[in-house]
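Notes for the structure review
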Amino acid sequence: MAPLGDNVVVTKIKLEKMLSMKGGKGEASYVNNSQAQAQHARSMLHLLKETLDLVQLNSPEIPFVVADLGCSCGSNTIYMIDVIIKHITKRYEATDYEQPPEFSAFFSDLPSNDFNTLFQLLPPYGGGSMEECLASDSHRSYFAAGVPGSFYRRLFPAKSVDVFYSAFSLHWLSQVPDIVLDKRSTAYNKGRIFIHGANESTATAYKKQFQGDLAGFLRSRSKEMKRGGSMFLVCLGRTSLDPTDQGGAGLLFGTHFQDAWDDLVQEGLITSEKRDNFNIPVYAPSLHDFKEVVEADGSFIINKLDVFRGGSPLVVNQPDDAAEIGRALANSCRSVSGVLVDAHIGDQLSEELFDRVAHRASSQAKELLEQLQFFHIVASLSLA
């Protein structure tokens, strides 16, 4: 959870209603700051297609259903749905079936997601034959719908989805653990706004929250997936066994972003308590963290589970321009956490905060480009 004021704590349900990537099409929007996610997703296409080759093809009379969980509001989700549907179509064309089935694509995220921007990016449904739709870049070959809700609970009818796809979303927790914001607890994350560099009790609380959330995710998908379906999941991960070392996520949220919060405290713009009541609800798991939950749940067979080097989250045109690198880090940070920051300290102080992130990052631009690398947990799962 995340606080809205000094003495007001946002509940889990409230977080669900407010958490989202930065909407719209402004400079700090997710639409304009998700190029790195696009690059990382494209670098994993061969792994996605391996998962799609495991999916059981049913009669073309039955619609084929794909769901993107944590779709956000940019063009990345549209691109990935196209990839999935075109690959499945080729598999149908290689069989004795005369034509592929009709396709349905569900774009799912929290109700606070900017679905309006997403739907404006969707090309119109072709309406003609499947072949005509697939041959045209200006039309889509599937029926589309938005599904608002938390993927840590049920979202779809039983046995209704063939392929689940989720990228760069499962590291977002359903809430910051209660004890992390409790001054009486040894897990109280005093002086910090993220798990990176925190104490062992704080790290344990974050880990338990992640594993409980992932268990809920798996239980829900096991009921919703058709027999013979498959699931491809990508989330931020880490190579260290120590959960207080969050790798790339730690560098993104635990260095210049952390220092910018400290600046606001030192300058008297916010109290230290106000800072300490804000924690980023993100946990980058290790391979063992993830595997432990999947095996304990028992609903899914692991086809593939690996740590994948995704590269830098900073996409810059001029790598020698320190100011551009600073802006890129601030915008990257703001595109994914800005909504929570705005709610916690208001738009004006939020602007001050991210200006300081940009300034601090610019002073260490070279080191940022060299050191800020993301690793991802990549999982291919099928029903047991």
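Residues numbered from 1 in each chain as written. Predicted model: local features only at pLDDT ≥ 70, side-chain atom pairs only at ≥ 80, totals over all residues. Heavy atoms only, no water.

Overview of the overall build of the protein chain
Secondary structure summary: the protein chain contains 13 helices and nine strands in total. Looking at the protein chain alone, contacts between residues at least 24 apart form 81% of all its contacts between residues at least 6 apart. Surface summary for the protein chain: the accessible area is close to 16,000 Å², and the carbon and sulfur share equals 49%. (Helix = DSSP H or I, 4+ residues; strand = E, 2+ residues; numbered from the N terminus. Contact = heavy atoms within 4.5 Å. Areas by Shrake-Rupley, 256 points an atom, 1.4 Å probe, with all protein chains shown as cover.)

Quick word on the side chain of Ser-382
Counting through the fold element by element, Ser-382 comes out in strand E9 (residues 374–383). Given a relative accessible area of 13%, Ser-382 falls into the buried group. In this structure the side chain of Ser-382 is engaged in a polar contact, spanning 2.9 Å, whose partner is the side chain of Asn-303. Excluding anything up to four places from it in sequence, Ser-382 contacts Gly-229, Ser-230, Ser-299, Phe-300, Ile-301 and Asn-303. (Buried < 20%, exposed > 50% of the residue type's maximum accessible area, 1.4 Å probe, protein only. Polar contact = N/O pair within 3.5 Å; in protein donor to acceptor, adjacent residues only side chain to side chain.)

Observations regarding the confidence of the model for the protein chain
Across the protein chain, pLDDT averages 86, with 86% of residues at or above 70. The low-confidence segment residues 1–11 (pLDDT under 50) makes 28 contacts with residues lying over four places distant or belonging to another chain. (pLDDT = per-residue confidence, 0-100.)

Concerning the sheet that holds E9
The strand order across the open sheet formed by seven strands is E5-E4-E3-E6-E7-E9-E8, and the pairing between neighbours is mixed. The open sheet has two free edges, formed respectively by strand E5 (143–148) and strand E8 (300–311), since each of these has just one partner strand. Ignoring strand direction, the axes of neighbouring strands in this sheet form an average angle of 15°. The pairing of strand E6 (residues 161–167) with strand E7 (residues 225–237) spans six bridges and is parallel. Residue pairing in the sheet places Tyr-165 in a bridge with Phe-232 of E7. Packing of helix H3 (residues 45–52) onto the sheet brings it into contact with E6, E7, E8 and E9, and relative to E7 it is tilted by some 160°. (Pairing = 2+ DSSP bridges. Axes fitted to C-alpha atoms, helices over the stretch in contact; angles between N-to-C directions.)

A closer look at the packing of H3 against helix H4 (residues 76–93)
Axis separation between H3 and H4 bottoms out at 10 Å; the angle between their running directions is 45°. Classified by the angle their axes make, H3 and H4 are oblique. Note that H3 runs across H4; the crossing there is right-handed. Facing H3, whose interface residues are Leu-45, Leu-48, Lys-49 and Leu-52, H4 presents Tyr-79, Met-80, Val-83, Ile-84, His-87, Ile-88 and Arg-91. Of the residues in the contact of H3 with H4, the class split is eight nonpolar, one polar and two charged. (Parallel < 35°, antiparallel > 145°, perpendicular 65-115°, else oblique. Left-handed = near helix turned anticlockwise from the far one by under 90°. Nonpolar A, V, L, I, M, F, W, Y, C, P; charged D, E, K, R; others polar.)

Thoughts on the environment of Lys-208
Counting through the fold element by element, Lys-208 comes out in helix H7 (residues 200–224). Note on Lys-208: relative accessible area 62%, which makes it exposed. Note: C-alpha distance between Lys-208 and Pro-177 (31 residues apart in sequence) is 8.6 Å.

So, the nonpolar core
Membership of the largest hydrophobic core comes to 76 residues, with the highest contact counts inside it found for Phe-217, Leu-218, Met-231, Phe-253, Phe-257, Trp-261 and Phe-290. Ranked by residue count, the leading element in this core is helix H12 (residues 322–363), at 15 residues. Residues in contact with Phe-217, not counting those within four places in the same chain, are Leu-69, Phe-151, Tyr-152, Leu-170, Met-231 and Leu-233. In this structure, Met-44, Cys-73, Phe-115 and Phe-308 belong to the second largest nonpolar core, which totals 35 residues. (Core = buried A, V, L, I, M, F, W, Y, C linked by side-chain atoms within 4.5 Å.)

Considerations on H4
End to end, H4 covers 26 Å across 18 residues, agreeing with the expected 26 Å (1.5 Å per residue, within 8%). Along H4, the positions that sit buried rather than exposed are Asn-76, Thr-77, Ile-78, Met-80, Ile-81, Val-83, Ile-84, Ile-85, His-87, Ile-88, Thr-89 and Tyr-92. (Expected span 1.5 Å × (residues − 1).)

Section: the packing of H7 against helix H11 (residues 287–297)
Axis separation between H7 and H11 bottoms out at 10 Å; the angle between their running directions is 40°. It follows that H7 is oblique to H11 by the angle criterion. For the pair H7 and H11, the sense of crossing is right-handed. Residue-level inspection shows Lys-207, Phe-210, Gln-211, Leu-214, Ala-215, Leu-218 and Arg-219 of H7 in contact with H11, the latter providing Asp-289, Phe-290, Glu-292, Val-293, Val-294 and Asp-297.

A look at the pattern of salt bridges
It is possible for side chains bearing opposite charge to pair when their charged atoms get close. Across all of its chains, the model carries 15 salt bridges by this definition. Note that Asp-289 is salt-bridged to Lys-207, the shortest N-O span being 3.6 Å. Of this pair, Asp-289 sits in helix H11 while Lys-207 sits in helix H7, and the two are 82 residues apart along the sequence. Accessibility expressed as a relative area gives 2% for Asp-289, which makes it buried. A salt bridge links Arg-275 to Asp-262, with the nearest nitrogen and oxygen atoms 3.0 Å apart. In this pair, Arg-275 sits in helix H10 (residues 272–276) while Asp-262 sits in helix H9 (residues 256–266), placing the two residues 13 residues apart along the sequence. (Salt bridge = Lys/Arg side-chain N within 4 Å of Asp/Glu carboxyl O.)

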